[in-house]
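# Overview (structure and organization)
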Amino acid sequence: DLHSFPTRRSSDLRTFSIAQDARALLKELFEDTGELLGETEKLSFLCRAEGRSKVTLDDVGTFCLSDGSRSLLRLLDGVCNGRFVESLVSLDSLSRGGELLPVVSALHNRIRLAFYIGAYPKEKSVFMKALGAKDYAARQAERAVSLYGRAKLLAFVTGLIGINANEKSGMKFVDRKSVV
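Residues numbered from 1 in each chain as written. Predicted model: local features only at pLDDT ≥ 70, side-chain atom pairs only at ≥ 80, totals over all residues. Heavy atoms only, no water.

### Thoughts on the overall build of the protein chain
To keep things clear, this is the line we draw: Comment: elements are numbered from the N terminus, with helices defined as DSSP H or I runs of at least four residues and strands as E runs of at least two. When checking whether two residues touch, look at their non-hydrogen atoms; a contact exists if any pair is within 4.5 Å.
For the protein chain, the count of helices and strands is nine helices and two strands. Start at the N end of the protein chain and walk to the C end: the helices and strands fall as β-α-α-β-α-α-α-α-α-α-α. Of the contacts formed within the protein chain by residues at least 6 apart in sequence, a portion of 62% connects residues at least 24 apart.

### Quick look at the environment of F156
Topologically, F156 is positioned in helix α9 (residues 150-169). Excluding residues within four positions of it along the chain, F156 makes contact with V79, L107 and I111.

### Some points on a nonpolar patch on the surface
What counts, and what does not: Residues enter a patch when their relative accessible area is above 30% and they make no salt bridge; the linking distance is 9 Å between like charges and 5 Å between nonpolar side chains (Val, Leu, Ile, Met, Phe, Trp, Tyr). The accessible surface values rely on the Shrake-Rupley method and a 1.4 Å probe; as for residues, cover is taken only from the protein chains in view. For salt bridges, the criterion is a side-chain nitrogen of Lys or Arg within 4 Å of an Asp or Glu carboxyl oxygen. Working definition: with a 1.4 Å probe on protein chains only, accessible area under 20% of the residue-type maximum means buried, over 50% means exposed, and in between means partly exposed.
Among the surface-exposed residues, L88, L91 and L100 lie close enough to one another that they form a single nonpolar patch of about 250 Å² accessible area. Relative to the assigned elements, L91 resides in helix α5 (residues 84-96). On the basis of relative accessibility, which here comes to 33%, the residue L91 falls in the partly exposed class.

As structure tokens, then:
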């Protein structure tokens, strides 16, 4: 449990706390125990240097993610939480980096999880396991369910599948409303 997690230095076994969302994101980002330990040690050092004893979600985003990863996480979280301006800014940043298919795939994974959780709430753990989702992604997906509902999530997932298929086949986007 990372809630109260000592660093690996035997000379520095003071503990620090990690906010629940920050803990869930760390577990999602770093499956390897050694990497996880290294990141928590870095975060504890940085927080103590600032006179704090608690690591926040912002700390994890700032100190543990690259610019591209941070933009992708902001996009995914922004969509799930209805923060549309933040999502568009992140999407613009990601589009300047080149290939958008990985962004579409990441959005599909998050929104697909939200749809399944919304459609079958009692089976949440089954879908998390089947899709390889961690607690952080599931919490964000649950927020999307409460914000959008199943029908809108299904339409979003279907649209993302269409974009993915068109990208892979080389077809241009076709606006359904303009087709006679």
